[in-house]
Amino acid sequence: MSVIRDEWGENSPLGRLWATVTALAGERGRELSVEFVCEAAAERFGAAGACLVVIGTTGVAKLRSASGELGRRIPEIEATVGEGPIEDALELASPAVVTDLGTAQALRRWPLFAPLAVEAGARACFGFPLAVGVVRVGVLALLHGTPIAPEPAIFREALLFADLVLAMLMGEQIATGGRVPGPAEDEFPLVGPEVHQATGMVAAQLNTDPDTAFARLRARAFADGRRLSELAADIVARRTRFDPDPDIR
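Within each chain, residue numbers correspond to sequence positions counted from 1 in written order. Selection of residues for local features in this predicted model requires a pLDDT of at least 70, selection of side-chain atom pairs for listing and counting requires 80 or more, and totals for whole chains, interfaces and linings are taken over all residues. As a rule here, side-chain values cover all heavy atoms of the structure and leave hydrogens and water aside.

When helices and strands are tallied, the chain shows 11 helices and 5 strands. Only heavy atoms enter the contact rule, under which two residues are in contact if any of them lie within 4.5 Å. The contacts of the chain with a sequence gap of at least 6 include a subset with a gap of at least 24, amounting to 61%. Each accessible area is a Shrake-Rupley result for a 1.4 Å probe, and residues are judged covered by the shown protein chains and nothing else. Taken as a whole, the chain presents about 12200 Å² of accessible surface, with 52% of it coming from carbon and sulfur. Strands are runs of DSSP state E lasting at least two residues, helices are runs of H or I lasting at least four, and both sets are numbered from the N terminus onward.

Here it is in structure tokens:
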């Protein structure tokens with residue numbers, strides 16, 4: 001990728017990492033992409049899974065890439081309960097370092113997310129924000145099945161992987177002529193089109209606004225112990241509907 005060579009130089013830490021990952025992709029017959037870099041990061045740091053959340057042109061944070069069951073499951077749990085380290089890293093634009101999700105401290109910080117994440121098999125999460133100044137581009141998260149406290153050198157290397165993903169994402173934007181992602185506005189994070197469609201249907205069924213409908217959708221998924229995407233699929237397929245509740249305003 002010429003933007004990395006031109007802006008950082010081949011002998012810079014980022015340039016050397018780019019060359020290493022490029023060679024690895026070639027050895028495996030894979031195309032060099034942000035998805036491959038995320039997989040390589042998970043492998044390099046012994047993570048059980050990884051995920052890449054990016055902010056699209058509409059300002060909505062979406063799951064672009066996931067490896068391993070945890071990489072797919074943890075963002076969905078966050079979307080269901082509305083809290084978690086990935087969301088914190090995105091909103092605060094600073095790393096979210098959680099060495100053990102099973103501690104009382106993690107439970108106090110994320111009372112809904114932490115127990116569900118542990119139940120899903122996650123014990124440690126490291127979210128690295130991808131940002132340029134005040135512009136948030138996304139988050140690279142590495143997920144571990146056991147508690148782990150990385151050494152400073154390992155942590156710095158993980159940050160370098162995040163920088164590489166950020167550089168590649170910005171390169172994509174430049175190549176396609178698209179605008180740089182901006183801050184998310186009043187949109188729903190980490191969800192796909194089916195959840196948006198289901199939210200619209202619930203809003204119509206309850207004669208309410210989309211924010212309230214999405215809150216009801218998340219509450220129903222949480223109460224039923226279901227994935228948000230599964231409940232959304234049932235709503236879109238008209239297997240499940242929401243009826244107005246006179247006790248809920």
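And the narrative resumes.
Axis lines are fitted to C-alpha atoms, over the contacting stretch for helices. Their N-to-C directions set the angle, which ranges from 0 to 180 degrees. The N-to-C vectors of helix 2 (residues 13-27) and helix 3 (residues 34-44) enclose an angle of 100°; their axes lie 11 Å apart at closest approach. Between helix 2 and helix 3, the interaxial angle falls into the category roughly perpendicular. Every residue of helix 3 that contacts helix 2 at V21, L24 and A25 is listed here: F36, V37 and A40. Throughout this entry, Asp, Glu, Lys and Arg are counted as charged residues, while Ala, Val, Leu, Ile, Met, Phe, Trp, Tyr, Cys and Pro are counted as nonpolar. The remaining residues, Gly among them, count as polar. Here the residues of the contact of helix 2 with helix 3 are counted per class, giving 6 nonpolar, no polar and no charged. Orientation labels follow simple angle bins: below 35 degrees gives roughly parallel, above 145 gives roughly antiparallel, 65 to 115 gives roughly perpendicular, and whatever is left gives oblique.

Moving on to the packing of helix 4 (residues 68-81) against helix 7 (residues 113-120). Contact pair helix 4 / helix 7: the axes reach a minimum separation of 10 Å and the direction vectors enclose 155°. As far as their axial angle goes, helix 7 and helix 4 are roughly antiparallel. Crossing of helix 4 over helix 7 shows right-handed handedness. Residues L70, R73, I74, I77, E78 and V81 of helix 4 touch helix 7, and the partners they reach there are F113, L116, A117 and A120. For the contact of helix 4 with helix 7, the residue count by class is 8 nonpolar, no polar and 2 charged. Here is the rule for handedness: rotate from the far helix to the near one, and if that takes an anticlockwise turn smaller than a right angle the crossing is left-handed, while a clockwise turn gives right-handed.

This brings us to the side chain of T240. Assignment of secondary structure puts T240 in the segment after helix 11 (228-236). When near neighbours in sequence (up to four residues on either side) are disregarded, T240 contacts R220, L231, D234 and I235.

Before going further, it helps to spend a moment on the side chain of E83. Within the element layout of this structure, E83 appears in the loop between helix 4 and helix 5 (85-92). Since its relative accessible area comes to 17%, E83 is described here as buried. Engagement of the side chain of E83 in a polar contact is seen with the backbone nitrogen of L112, the distance being 2.7 Å. Polar contacts, as counted here, are pairs of nitrogen or oxygen atoms within 3.5 Å of one another; within protein the pair requires one atom able to donate a hydrogen and one able to accept it, and residues that are adjacent in sequence qualify only if both atoms are side-chain atoms. At a separation of 2.9 Å, a polar atom in the side chain of E83 contacts the main-chain amide nitrogen of F113. The contacts of E83, once residues within four sequence positions are left out, are E78, W110, P111, L112 and F113. Here's how the labels work: a residue is buried when its accessible area is under 20% of the maximum for its type, exposed when over 50%, partly exposed in between, all with a 1.4 Å probe on protein chains only.

Okay, helix 5 next. Burial within helix 5 is extensive, with 6 of its 8 residues counted as buried. Within helix 5, burial applies to P85, I86, E87, D88, A89 and L90. Downstream of helix 5 by one or two residues, A93 has phi in the positive range, about 55°.

Now for the packing of aromatic side chains. Describing an aromatic ring pair means giving the distance of the ring centres and the angle of the ring planes. Within 6.5 Å between ring centres, the rings of Phe, Tyr and Trp (the latter by its six-membered ring) count as paired, and their orientation is classed by plane angle as stacked under 30 degrees, edge-to-face over 60, tilted in between. A full pass over the atoms with the stated rule returns 3 aromatic pairs. Aromatic pair F45 and F161: ring centres 5.5 Å apart, planes at 80°, arrangement edge-to-face. Of this pair, F45 sits in the loop between helix 3 and strand 1 (49-55) while F161 sits in helix 8 (residues 152-176), and the two are 116 residues apart along the sequence. For the pair shown, F45 and F161 are each scored as buried.

Within this document, salt bridges are pairs made up of a side-chain nitrogen of Lys or Arg and a carboxyl oxygen of Asp or Glu, the two lying within 4 Å of each other. Under the counting rule described, the total for this entry stands at 10 salt bridges. Where R44 meets E157, a salt bridge forms, and the shortest distance between an N and an O atom there is 2.9 Å. Residue R44 is located in helix 3, and its partner E157 is located in helix 8; the two are separated by 113 residues in the primary sequence. Judged by relative accessible area, which is 23%, E157 ranks as partly exposed. Ionic pairing is found between D100 and R123, a salt bridge with its closest N-O pair at 2.8 Å. Here D100 is found in the loop between strand 3 (96-98) and helix 6 (104-109), whereas its partner R123 is found in the loop between helix 7 and strand 4 (124-132), with 23 residues between them in sequence. According to the relative accessible area criterion, R123 is partly exposed, its value standing at 25%.

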